[in-house]
Amino acid sequence: MIHARGLTKTFGPVEAVRGIDLDVSAGEIVGFLGPNGAGKTTTLRMLTTLLRPTSGTATVAGADLFADPAGVRRRIGYVAQGGAFAPFSPVGEELVLQARLYGLTREEARERVTALLAGLDLPGVEERTTVTMSGGQKRRLDIAMGLLHRPELLFLDEPTTGLDPQSRANLWDHVRRLRERDGLTVFLTTHYLEEADALCDRVLIIDHGRIVAGGTPDELKSEHGARTLDDVFLAVTGREPREGAAA
Amino acid sequence: MTALAALTGHYLRASFGNRFSLVFGAIQPFLYLVLFGPLFDRSGVGSWAVLVPGLLVQLGLTSAGMAGFTIVFDQRFGVLERLRVTPVSRVTLLLGRVLRDSVVLLIQAVLIVVAAWALGLRAPLAGVLAALLLITVLSVGMASLSYAAALTMRQELFAPVMSTVVIPLMLLSGALLPMSLAPAWLDVVSRLTPFRYAVEGLRALFAGSYASSALLWGVVVSLVFAIVGVALGTSRFQRENA
């Protein structure tokens, strides 16, 4: 689903990402971890066509990232860390607009929005604005926005940052269900290593712009003789996972 | 095409949902019309048909020129990024907004012309309709450049910078007093701004001089301005994309 070789990104003199090889298979839930400034978000923005890589090659959801970025955009969903809703517009209107940008007719878009919102435990919120919603509801709404066009691959940037443990577990359930029901592939970044442990089939750890460890949570733990992913993280990066993190 | 219609429709609904924003962009030229127009009309410099074309260009600068302000919020709330991960072409993402701004400007321009008519403006209908078309073309360029500026400069700088920049541009266009009155140096500087040609083209239309070189220059400069504006705006939307 994702195949990247030697992806790099430099901003002036700063090498944010220094050559990343990455493979994600269809139906996997992969967690992308790393300390702040390690190159996580830069990598995510490159794979979602928001940032042009300095060098390397990549195929994302079957389309070449360089030759066919529109093809990548058609096939992926992206849920940004800060959400995607202006606080003063009814969410239904924004969702219908977004669906129509992927070529759905107004009627198809309305039906799709109603069905998606129901599936994410948000029935009938179309007329509301995000101001009146809880953090967990907003995150599920962001996910609905990313799924409108039935993407094969969903990118989630810090999906549960700032959520209480209950909302977080609820969101994990939704992500698992999407994979089981629709065969969705999920690539997510997170600061919460227990989230990676509980939700992800496989974990990649990035530090200083390079992938420094990768495998299933259990493989990583036994490889480093660690009890938790936090210990693995500390062993490979020398830092605490939430050091300097915003939330 | 579907995407463009969906975007423009969405933005228009938002604009009409907020009548305040419709009125606000037209307030400056409207004040000039009511509080300065009667003086101008009796000054011996020219009639309403000389002033109103200038006020339409002022409208283009203040209304379409400030259009970029709306994208500042979209950028802050992640709306812009959400649009940029869709397969919609970058020029469509820009034009969806710009067409809304042009429709809004056209409505404001009609209101100003109607109010001016009530105050004493007389001009041939064909000329006025053509002038509305020309100011719409100009507004496409102006709104596009406004978005390009908003996507380029720091968010908090946009409003103060743009509201300052439009003042010399408006004065240099000869919108308030014809540049035929200007000393040579001011006339030269004025000729370096595109709005000078737009104002004179519009005045030619209001005067019914459809075969004048002023009109030809007004049309050519406005078209080039619109094309350059859209190209620059699109390149800012494109920025850093794969």
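Reference entry: report on the structure contained in this document. (Residues numbered from 1 in each chain as written. Chains lettered and ligands numbered in written order. Predicted model: local features only at pLDDT ≥ 70, side-chain atom pairs only at ≥ 80, totals over all residues. Heavy atoms only, no water.)

## Observations concerning the overall build of chain A
Here's step 1: Along its length, chain A carries nine helices and ten strands.
Here's step 2: Against the compact-globule benchmark of 18 Å for 247 residues, chain A has a radius of gyration of 18 Å, which places it among compact chains.
Here's step 3: Dimensions along the principal axes, computed over C-alpha positions, put chain A at roughly 50 × 40 × 35 Å.
Here's step 4: Classification of the 247 residues of chain A by burial places 55% in the buried group.
Here's step 5: When contacts within chain A are restricted to residue pairs at least 6 apart in sequence, those whose partners lie at least 24 apart make up 66%.
Here's step 6: Here chain A displays about 10,000 Å² of accessible surface, and carbon together with sulfur accounts for 48% of that area. (Helix = DSSP H or I, 4+ residues; strand = E, 2+ residues; numbered from the N terminus. Rg over C-alpha atoms; globule rule 2.2 N^0.38 Å. Buried < 20%, exposed > 50% of the residue type's maximum accessible area, 1.4 Å probe, protein only. Contact = heavy atoms within 4.5 Å. Areas by Shrake-Rupley, 256 points an atom, 1.4 Å probe, with all protein chains shown as cover.)

## Observations regarding the packing of helix α8 (residues 125-152) of chain B against helix α12 (residues 213-238) of chain B
All names here are of chain B.
Here's step 1: α12 packs onto α8 with a crossing angle of 30° between their chain directions and a minimal axis gap of 7 Å. Judged on the interaxial angle alone, α12 and α8 are roughly parallel. Seen along the crossing, α8 lies across α12 with a hand that is left-handed. Where α8 approaches α12, its residues Leu134, Val137, Leu138, Val140, Gly141, Met142, Ser144, Leu145, Ala148, Leu151 and Thr152 are matched on the opposing element by Gly218, Val219, Ser222, Leu223, Phe225, Ala226, Gly229, Val230, Leu232, Gly233, Arg236 and Phe237.
Here's step 2: Along the lines of polarity and charge, the residues of the contact of α8 with α12 split into 15 nonpolar, seven polar and one charged. (Axes fitted to C-alpha atoms, helices over the stretch in contact; angles between N-to-C directions. Parallel < 35°, antiparallel > 145°, perpendicular 65-115°, else oblique. Left-handed = near helix turned anticlockwise from the far one by under 90°. Nonpolar A, V, L, I, M, F, W, Y, C, P; charged D, E, K, R; others polar.)

## Thoughts on the environment of Thr49 of chain A
All names here are of chain A.
Here's step 1: The residue Thr49 is located in the loop between α1 (40-47) and β4 (55-60) in this model.
Here's step 2: Separated by 34 residues in the primary sequence, Thr49 and Glu15 have C-alpha atoms spaced 19 Å apart.
Here's step 3: In this structure the side chain of Thr49 is engaged in a polar contact, spanning 2.9 Å, whose partner is the side chain of Arg73. (Polar contact = N/O pair within 3.5 Å; in protein donor to acceptor, adjacent residues only side chain to side chain.)

## Things to note about the pattern of salt bridges
Residues and elements named next belong to chain B.
Here's step 1: Taken as a whole, this structure holds 18 salt bridges over all chains when the rule is applied.
Here's step 2: With a shortest N-O distance of 2.8 Å, Asp101 and Arg100 are connected by a salt bridge. Accessibility assignment for this pair places Asp101 and Arg100 in one class, buried.
Here's step 3: In this structure, Glu200 and Arg196 form a salt bridge, with 2.7 Å as the shortest nitrogen-oxygen distance. Here the residue Glu200 and the residue Arg196 both occupy positions in helix α11 (residues 194-206), the gap between them amounting to four residues, near one helical turn.
Here's step 4: Several salt bridges converge on common partners, so that one network encompasses Asp187, Arg191, Arg196 and Glu200. (Salt bridge = Lys/Arg side-chain N within 4 Å of Asp/Glu carboxyl O.)

## Looking at the sheet that holds strand β2 (residues 14-24) of chain A
The pairing of strands in a sheet happens through backbone hydrogen bonds and is either parallel or antiparallel.
Here's step 1: On the basis of which strands lie adjacent, the open sheet formed by four strands has the order β2-β1-β4-β5 (chain A) and antiparallel pairing. Where the open sheet ends on each side, the last strands, each with one partner, are β2 and β5 (63-64) of chain A. (Pairing = 2+ DSSP bridges.)

## Considering the environment of Thr161 of chain A
Here's step 1: Tracing the chain through its elements places Thr161 of chain A in the loop between β7 (153-157) and α6 (165-182).
Here's step 2: Only 2.9 Å separates the side chain of Thr161 of chain A from the side chain of Glu158 of chain A, close enough to count as a polar contact.

## Details of the packing of helix α1 (residues 2-17) of chain B against helix α7 (residues 90-119) of chain B
Residues and elements named next belong to chain B.
Here's step 1: Look at α1 against α7: their axes get within 8 Å of each other, and the N-to-C directions meet at 45°. The angle between α1 and α7 falls in the class oblique. Relative to α7, the crossing made by α1 is right-handed. Contact residues: α1 offers Ala3, Leu4, Leu7, Thr8, Tyr11, Leu12, Ser15 and Phe16, while α7 offers Thr92, Leu93, Leu95, Gly96, Arg97, Leu99, Arg100, Val103, Val104 and Ile107.
Here's step 2: Residues of the contact of α1 with α7, tallied by class, amount to twelve nonpolar, four polar and two charged.

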